[in-house]
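If you want the building blocks of each chain, they are given just below.
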Amino acid sequence: MTQTELSQYLAEYLQVANFKDYAPNGLQVEGKKEIRTIVTGVTACQALIDEAIKLDADAILVHHGFFWKSEAEVIVGMKQKRIKALLVNDINLFGYHLPLDAHPDVGNNAQLGKVLGIDNARVIEGQAQGLIWRGELRVPVLANELTHAISHTLSRECLHLGDGSSLVETIAWCTGGAQDYIDVAASLGIDAFISGEASERTYHCAVEQGIQYYGAGHHATELYGIQALGKHLADKFDLSHHFVDISNPV
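So, a few notes on the structure that sits alongside this text. (Residues numbered from 1 in each chain as written. Predicted model: local features only at pLDDT ≥ 70, side-chain atom pairs only at ≥ 80, totals over all residues. Heavy atoms only, no water.)

What follows deals with the sheet that holds strand β5 (residues 119-123). Read from one edge of the open sheet, six strands run β5-β6-β8-β9-β10-β7, paired in mixed fashion. Both edges of this open sheet fall to β5 and β7 (159-161), since each of them pairs with a single strand only. Across this sheet, the average inter-strand angle for adjacent strands is 25°, counted without regard to direction. Here strand β6 (residues 133-142) runs beside strand β8 (residues 167-173); their pairing, made up of six bridges, is antiparallel. Bridge pairing in β8 places V141 opposite V168. (Pairing = 2+ DSSP bridges. Helix = DSSP H or I, 4+ residues; strand = E, 2+ residues; numbered from the N terminus. Axes fitted to C-alpha atoms, helices over the stretch in contact; angles between N-to-C directions.)

Another aspect to go through is the nonpolar core. Core analysis: the largest hydrophobic core is formed by 22 residues, its most contacted members being I150, L154, V168, I171, I194 and Y214. Looking at this core, the elements that each hand over two or more residues are α5 (108-115), β6, α6 (143-154), β8 and β9 (192-195). Examining the composition of this core, we find that four residues originate from one element, α6, more than from any other. (Core = buried A, V, L, I, M, F, W, Y, C linked by side-chain atoms within 4.5 Å. Buried < 20%, exposed > 50% of the residue type's maximum accessible area, 1.4 Å probe, protein only.)

What follows deals with the packing of α5 against helix α10 (residues 224-237). Remark: α5 packs on α10, axes separated minimally by 8 Å, with the N-to-C direction vectors making an angle of 105°. By the angle class used here, α5 and α10 are roughly perpendicular. Taken together, the residues of α10 that come into contact with α5 (itself represented by N108, Q111, L112 and V115) are Y224, G225, I226 and A228. By residue class, the composition of the contact of α5 with α10 is five nonpolar, three polar and no charged. (Parallel < 35°, antiparallel > 145°, perpendicular 65-115°, else oblique. Contact = heavy atoms within 4.5 Å. Nonpolar A, V, L, I, M, F, W, Y, C, P; charged D, E, K, R; others polar.)

Across the sheet, which stays open at both edges, the five strands sit in the order β1-β4-β3-β2-β11 with mixed pairing between neighbours. Across the chains shown, the open sheet's two edge strands, defined by having one partner strand only, are β1 (26-29) and β11 (240-243). Strand-to-strand twist of the sheet, defined as the mean angle between neighbouring strand axes without regard to direction, takes the value 30°. As defined by bridge partners, strand β2 (residues 37-43) adjoins strand β3 (residues 59-64) across five bridges and the pair is classed as parallel. Paired with V39 across the strands is I60, a residue of β3.

The set of residues buried in helix α8 (residues 200-209) consists of T202, C205 and A206. Down the axis, α8 shows its buried residues gathered within 95° of arc, on one side only. Turned more than 90 degrees from where α8 packs its buried face, E200 and E208 sit exposed. Those residues of α8 hidden inside the fold are in contact with β7, α7 (182-187) and β10 (212-215). (Arc of directions from axis to C-beta.)

With respect to the element layout, K79 can be found in helix α3 (residues 77-88). At 2.8 Å, the side chain of K79 forms a polar contact with the side chain of E71. Non-local contacts of K79, meaning those with residues more than four positions away in its chain, are made with E71, A72, E73 and V74. (Polar contact = N/O pair within 3.5 Å; in protein donor to acceptor, adjacent residues only side chain to side chain.)

So, in structure tokens, the structure goes:
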């Protein structure tokens, strides 16, 4: 398929126009016009770009791309090396941030709910552009047991804040740096909240509101959406797809 066809399809499929975001969603660095091989990964770091070059990729699709509102506008240093590698090798870079978090099928939140085996997973309507999800455990478990289960499933030690002897049945979650949505979950009387990262204030929010908090890792909670998106594109358009996991402990 062509670069333009892929860009247009993803804009519609991920409903890009519906989101106010911190970075541009869509084609961020232009490469070759024909796309046959795609590489997906969480973040457009140098290691991912290098692997894409080895795999002779025509396009890279990531959740964390370039040109964030808070970053310097000049293209020097690390950013220059990354972009130069893309341009020299004529590789397209596509980035999808909040639209990929929110998608009901291939989104990070939808996929994390599936991976963790949460029943009746659904969006909490009217909150945070539809980015916070909720659901129930098939069998209620002690908070400490849930810590072990999340750690085992995501292959990363999970931070737990709260009373380990409390029973957890209802769960809300939002992947990545979404720790402050704990207040929304607490206001709805939900037993536990999962995000990727925690802040210093997260501890006090959990303890004072009587909600269990789980910091399961920014990278670890956002591994699944981009993989699912790549598989969807490969199946629909007969593209070659490689997911590359550049390990990140954060």
